[in-house]
Amino acid sequence: MSSIIELGEDISYKYSFKGKRLIYWPQEENYIGNMEASVERYKSELTKLYQSANDDEDIHFIAMDSQMIQKAIDLTNQVIFEVTEKCNLSCTYCALGSTYKNVSVERCRNMDWQTAKSILDFYVQKWKNDRPKKFKKFCYIGFHGGEPLLNMKLIKRIISYIEKKEEIKELNFLYSMTTNGTLLHKHIEYLVEKNFILHVSMDGDREMNSYRVDKNGKEIYDDLYHNLKIIQSKYPQFFKENVEFLSVATNKNTNPGITSFFNKEFDKNSEIHLLSSTMVADYEEWESMRRKKDDTKSEKNDNKYLSDFLRLFSGNFYNHYRSLLDNPKTVNTLPTGTCIPFTHRVFITARKDIIACERIGFERKLGRVSDNGVELDLISIRDFYNNTLAKFKLHCERCFKKEACTVCFLTNEKYFDESFTCEDFYPVSHLKRCIKETVNFLRERAGKANNY
Ligand code: SF4
Ligand code: SF4
């Protein structure tokens, strides 16, 4: 991949991708007059630019091996249980509803105690023995559904089991739940007592929230709003610190509308997600509910190119404080942004399947809980990942987003087709446009500032 990028004749800059430098490169006639004063510094920057062009490639793509997976399993500190498949609602846009082809079987199972216990016993051993001290402090237990509040019996049993385990007494357990909020009034005392973090799904006011309906098609807004207001007045501190909102962007709401609703009603913000676009079965239905792309764009008040530039091309963005300290010249990494499975968490379904996380398709099983306990075949997990990553590598090597890629191949079924192309591929033409737009934007702002 060429390092020094010619941005075009209409712009007085060049860019060094490896050196992450944008160099002012004036036309000959401007050079003498404008740059004379700092000509020494300019020369030195130019030298650095050319030196960086000869550097080795910063990113080396590697394959996954089973030790990496084992290490991730040993260090996992977040376990998420799908305690039930059942839900008391039938939201129109539900990823498990008729608009999508995610589900070929009726979702009617509860997780049984033996499955939960096998998982807990497996991880208690790890938490007790295998984790270096610095990772030992916190463990996160999440409850998903369906609607998890429909299986409170199992949730209480899991928590009670954890609390009684002597071997892990020194650990702090933090519990969280993603809920539709309609049954909160029945269980709120227990949830407050255990200091749960609640992620409540709500899309805004009555109209904005109207895809969220019960089994009879009745909108649930009034019940949900009522529940939330009661919690807010009865447990104000808990509400303030432990309740978070998740919203889906649809054609019935806008980002400013959602933000203003949650600010005004609850003094909070909401995390806004797009309607899922994978495994769509009924495109007409999906298209009718989807927020049109342009709506989302016009709502952004930041400059997209500037944020891309700062994140991807400025050399001043660090994913983690450790990369700031290490700042290695060459990074060995897997292609794409897909994590090594179980690095962040593990997800257990009510059907006893073990999945990398709750955000990906349930058919991508990596293991199972059986009568013999937890079954994970590291070799087949490794081969499954490497087969797809090897195909991605060909794209990623030519892509200018590879250092800050956020694509997880498990989140899009298209990536399992033989002839897929990465939807986020960032060619050199995008990079040039990004830099030009950023420079123009900053110069325009600087010009305006000078006029004040
Ligand atoms: S979405 Fe992909 S990258 Fe993110 S935690 Fe899940 S498996 Fe890992
Ligand atoms: S955006 Fe796509 S092609 Fe680019 S690095 Fe990420 S996965 Fe690879």
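The rules we used
Residue numbers here run from 1 along each chain, matching the order of that chain's written sequence. All chains are assigned letters beginning at A, and all ligands numbers beginning at 1, according to the order in which they are written. In view of the model being predicted, local features appear only for residues whose pLDDT reaches at least 70, and side-chain atom pairs are presented and counted only at 80 or more, with totals across whole chains, interfaces and linings using the full set of residues. Each helix corresponds to a stretch of at least 4 residues labelled H or I by DSSP, and each strand to a stretch of at least 2 residues labelled E; elements are numbered beginning at the N terminus. In this description, any two residues whose backbone-derived C-beta atoms lie within 7 Å of each other are considered to be in contact. In this scheme, strands are said to pair when DSSP sees at least two bridges between them. As a rule, the C-alpha atoms of each element are fitted with a line to give its axis, helices using only the stretch in contact, and angles between N-to-C directions run from 0 to 180 degrees. To decide whether a residue is near a molecule or strand, its C-beta atom is placed from the backbone and checked for lying within 6 Å of it. Three classes are used, and their members are as follows: Ala, Val, Leu, Ile, Met, Phe, Trp, Tyr, Cys and Pro are nonpolar, Asp, Glu, Lys and Arg are charged, and the others, Gly among them, are polar. Put simply, a nonpolar core is a cluster of buried Ala, Val, Leu, Ile, Met, Phe, Trp, Tyr and Cys residues tied together by C-beta atoms within 7 Å. Three classes are used. A residue is buried when 20 or more other C-beta atoms lie within 10 Å of its own, exposed when 12 or fewer do, and partly exposed in between, with C-beta atoms placed from the backbone. Throughout, right-handed denotes a crossover for which the path from the first strand over the helix to the second runs clockwise when the strands point away from the viewer. Between 65 and 115 degrees an angle is taken as roughly perpendicular, under 35 as roughly parallel, over 145 as roughly antiparallel, and anywhere else as oblique. Each crossing gets its hand from how the near helix is turned against the far one by less than a right angle, where anticlockwise is left-handed and clockwise is right-handed.

### Comments concerning the overall build of the chain
Scanning the chain from terminus to terminus reveals 15 helices and 15 strands. Counted over contacts in the chain with a minimum sequence separation of 6, partners at least 24 positions apart contribute 73%.

### Describing the sheet that holds strand β12 (residues 346–348)
Pairing is mixed across the open sheet formed by 10 strands, whose spatial order is β10-β9-β8-β7-β6-β5-β12-β13-β14-β15. Each edge of the open sheet carries a strand with a single partner, namely β10 (270–274) and β15 (373–376). Taking the axes of each pair of neighbouring strands and ignoring which way they run, one obtains an average angle of 25° across the sheet. In terms of strand pairing, β12 meets strand β13 (residues 353–355) through two bridges, oriented antiparallel.

### Observations regarding the site of ligand 1
Lining the immediate surroundings of ligand 1 are Thr338, Cys339, His344, Ala356, Cys357, Arg359, Ile360, Cys408, Leu410 and Thr411. Within the shell around ligand 1, the residues separate by chemical class into six nonpolar, three polar and one charged.

### A look at the nonpolar core
The biggest cluster of nonpolar side chains holds 63 residues, and the ones touching the most others in it are Val79, Phe81, Val83, Ile348 and Ile435. Look past the residues within four positions of Ile435 in its chain and what remains in contact with it is Leu7, Tyr15, Leu22, Phe309 and Phe313. Counting six residues, the second-largest nonpolar core is a separate cluster that includes Val248, Ala249, Phe261 and Ile272.

### A closer look at the sheet that holds strand β2 (residues 13–16)
Strand pairs in the sheet, formed through backbone hydrogen bonds, run parallel or antiparallel to each other. Within the open sheet, the three strands sit side by side as β1-β2-β3. Their pairing is antiparallel. Of all the strands in the sheet, the pair left with one neighbour each is β1 (4–6) and β3 (21–24). Neighbour-to-neighbour, the strand axes of this sheet turn through a mean angle of 30°, independent of strand direction. When β2 meets β3, the two strands line up antiparallel, connected through four bridges. Note that in β3 the partner of Tyr13 across the bridge is Tyr24.

### As for the pairing of β10
Pairing analysis gives five bridges linking strand β9 (residues 243–249) to β10, with the strands arranged parallel. The residue bridging Ser247 from the neighbouring strand is Ile272, located in β10. This β-α-β element, β9 to helix α9 (residues 255–266) to β10, shows right-handed connectivity.

### Re unusual backbone geometry
You will see that Asp267, though not glycine, has its phi angle at about 55°, which is positive. One can find Asp267 in the loop between α9 and β10. One non-glycine residue, Lys352, lies in positive phi territory at about 75°. Position of Lys352 among the secondary structure elements: in the loop between β12 and β13. When the 20 C-beta atoms within 10 Å are taken as the criterion, Lys352 is described as buried.

### Describing the packing of helix α6 (residues 184–193) against helix α7 (residues 221–234)
Contact geometry for α6 and α7: axes closest at 10 Å, N-to-C directions at 30°. As far as their axial angle goes, α7 and α6 are roughly parallel. As α6 runs across α7, the sense of the crossing is right-handed. Contact residues: α6 offers Leu184, His185 and Ile188, while α7 offers Asn227, Ile230 and Ile231. Partitioning the contact of α6 with α7 into residue classes produces four nonpolar, two polar and no charged.

### Side note on the environment of Asp10
Tracing the chain through its elements places Asp10 in the loop between β1 and β2. Accessibility expressed as a C-beta count within 10 Å gives 6 for Asp10, which makes it exposed.

### Some points on the packing of helix α3 (residues 66–75) against helix α14 (residues 378–396)
Orientation of α3 relative to α14, taken along the N-to-C sense of each, is 110°, at an axis distance of 9 Å. In terms of their interaxial angle, α3 and α14 are classed as roughly perpendicular. Considering the relative orientation of α3 and α14, their crossing is right-handed. Across the interface between the two elements, Ser66, Ile69 and Gln70 from α3 touch Leu378, Ile379, Ile381 and Arg382 from α14. The class makeup of the residues in the contact of α3 with α14 is four nonpolar, two polar and one charged.

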